[in-house]
Amino acid sequence: DAKTTQPPSMDCAEGRAANLPCNHSTISGNEYVYWYRQIHSQGPQYIIHGLKNNETNEMASLIITEDRKSSTLILPHATLRDTAVYYCIVREPFKAAGNKLTFGGGTRVLVKP
Amino acid sequence: EAQVTQNPRYLITVTGKKLTVTCSQNMNHEYMSWYRQDPGLGLRQIYYSMNVEVTDKGDVPEGYKVSRKEKRNFPLILESPSPNQTSLYFCASRHAGANVLTFGAGSRLTVL
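Okay, so let's go over this structure. (Residues numbered from 1 in each chain as written. Chains lettered and ligands numbered in written order. Predicted model: local features only at pLDDT ≥ 70, side-chain atom pairs only at ≥ 80, totals over all residues. Heavy atoms only, no water.)

Within chain B, the regular secondary structure consists of zero helices and 11 strands. When the helices and strands of chain B are read in sequence order from the N terminus, they spell out β-β-β-β-β-β-β-β-β-β-β. A globule of 112 residues ought to have a C-alpha radius of gyration of about 13 Å, and chain B, at 13 Å, matches this closely. Across its three principal axes, chain B shows a C-alpha extent of roughly 40 × 25 × 25 Å. Among the 112 residues that make up chain B, the fraction classed as buried is 50%. (Helix = DSSP H or I, 4+ residues; strand = E, 2+ residues; numbered from the N terminus. Rg over C-alpha atoms; globule rule 2.2 N^0.38 Å. Buried < 20%, exposed > 50% of the residue type's maximum accessible area, 1.4 Å probe, protein only.)

What follows deals with the sheet that holds strand β5 (residues 55-56) of chain A. Residue and element names in this part refer to chain A. Read across the open sheet, the four strands follow the order β2-β7-β6-β5; overall the sheet is antiparallel. Each edge of the open sheet carries a strand with a single partner, namely β2 (18-23) and β5. Pairing geometry for β2 and strand β7 (residues 70-75), over six bridges, is antiparallel. Residue pairing in the sheet places Pro 21 in a bridge with Thr 72 of β7. (Pairing = 2+ DSSP bridges.)

In this section: the sheet that holds strand β3 (residues 19-25) of chain B. If you trace the four strands from one edge of the open sheet to the other, you get β1-β3-β8-β7 (chain B), paired in antiparallel fashion. Each end of this open sheet is capped by a strand with a single partner; those strands are β1 (4-7) and β7 (65-66) of chain B.

Right, let's get into the interface of chain B and chain A. With 21 residues of chain B in contact, the opposing surface of chain A contributes 20 residues. Carbon and sulfur atoms supply 50% of the area buried between chain B and chain A, which totals about 1,700 Å² over both sides. Our count for the contact surface shared by chain B and chain A stands at zero salt bridges. Applying the counting criterion to the chain B and chain A interface returns three residue pairs in polar contact (both at pLDDT 80 or more). Those elements giving two or more residues to the side of chain B that touches chain A turn out to be β4 (31-38), β5 (42-51) and β9 (87-94) of chain B. If one sorts the elements of the side of chain B that touches chain A by residue count, β4(B) sits on top with five residues. Grouping the constituent residues of the side of chain B that touches chain A by class yields 13 nonpolar, five polar and three charged. (Contact = heavy atoms within 4.5 Å. Buried area = accessible area lost by both parts, 1.4 Å probe. Salt bridge = Lys/Arg side-chain N within 4 Å of Asp/Glu carboxyl O. Polar contact = N/O pair within 3.5 Å; in protein donor to acceptor, adjacent residues only side chain to side chain. Nonpolar A, V, L, I, M, F, W, Y, C, P; charged D, E, K, R; others polar.)

A few words now on the layout of surface pockets. Where empty space is left in the structure can be found by rolling a water-sized probe over the atoms. Of the pockets and cavities examined, the largest pocket occupies roughly 640 Å³. Along the walls of the largest pocket sit 32 residues, with Gln38(A), Val85(A), Tyr87(A), Arg108(A) and Gln37(B) positioned nearest its centre. Of all elements in the fold, only β8 (84-91) and β9 (107-112) of chain A together with β4, β5 and β9 of chain B reach the threshold of two or more residues within the lining of the largest pocket. For the lining of the largest pocket, a count of residues per class yields 12 nonpolar, 14 polar and six charged. If you add up the space inside the second largest pocket, you get close to 460 Å³. If you list the elements that add at least two residues to the lining of the second largest pocket, you get β4 (45-50) of chain A together with β1 and β10 (102-103) of chain B. For the lining of the second largest pocket, the element with the most residues is β1(B), which contributes four residues. (1 Å grid on protein atoms, 1.4 Å probe; cavity = no way out; pocket = protein on both sides within 12 Å on 5 of 7 lines; lining within 4 Å. Points joined across faces, edges and corners; volume = space filled by probe spheres on them.)

This next bit is on the state of the cysteines. If you walk through the whole model with that rule in mind, you get two disulfides over all chains. Disulfide pairing is shown between Cys23(B) and Cys91(B); the S-S distance is 1.9 Å. Across the S-S bond linking Cys23(B) and Cys91(B), the dihedral sits near -75°, which makes this disulfide left-handed. Highlighted residues: Cys23(B) in strand β3 and Cys91(B) in strand β9, separated in sequence by 68 residues. The same class applies to Cys23(B) as to Cys91(B), namely buried. Its sulfur unpaired, Cys12(A) is 18 Å from the next cysteine sulfur, which belongs to Cys22(A). (Disulfide = S-S within 2.5 Å.)

Here Asn51(B) is to be found in strand β5. Sequence separation between Asn51(B) and Thr22(B) is 29 residues; the distance between their C-alpha atoms is 17 Å.

As structure tokens, then:
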């Protein structure tokens with residue numbers, strides 16, 4: 001899996017967009033960018049993933065640069081319940097042998113009123 | 001509601017007293033796995049199962065056992081717990097062709 005670099009922490013104002021960056025300069029052609037989050041001591045929660053095109057779902061948008069060396073997760077209208085640690089993971093699609101997911105340090109996001 | 005259910009959510013036990021943490025999913029997922037999460041060490045995979053009666057070791061299997069007799073259940077067994085198994089445990093599952101893991105809410109285990 002390609003190495004990712006995320007800022008350790010960031011604050012965001014409630015109601016504003018939260019933009020979470022992730023660098024993955026060694027990403028290979030068949031590796032996807034996944035985002036999960038973990039609200040304090042709860043189970044990690046899948047947010048979104050993409051290969052090269054920008055993606056959007058009900059939770060967030062994922063913007064991947066043209067060279068695929070970095071990406072940004074956008075939470076369009078952050079709420080207090082979005083306070084969590086956000087993990088950017090770059091890996092190939094799960095294969096038949098196992099389903100290991102490796103989380104790095106992540107970005108601790110604090111949404112403030 | 002589609003979910004992965006773990007029990008117990010919290011447990012304090014003593015060294016050597018066998019315990020089982022249950023995991024059940026209602027999504028007909030083929031793959032299931034167990035992780036432990038410790039401060040500074042991130043999420044580490046203990047065991048995984050590709051389908052009924054098929055299990056394999058993850059990165060930190062020592063001191064743990066699993067079984068997969070039914071598709072929906074994947075219990076984690078600690079035959080003789082030790083204090084270094086004090087941790088937060090997560091069960092996760094997915095469909096064979098999917099790239100997204102669904103996690104349980106977690107089980108916090110303390111071994112005295």
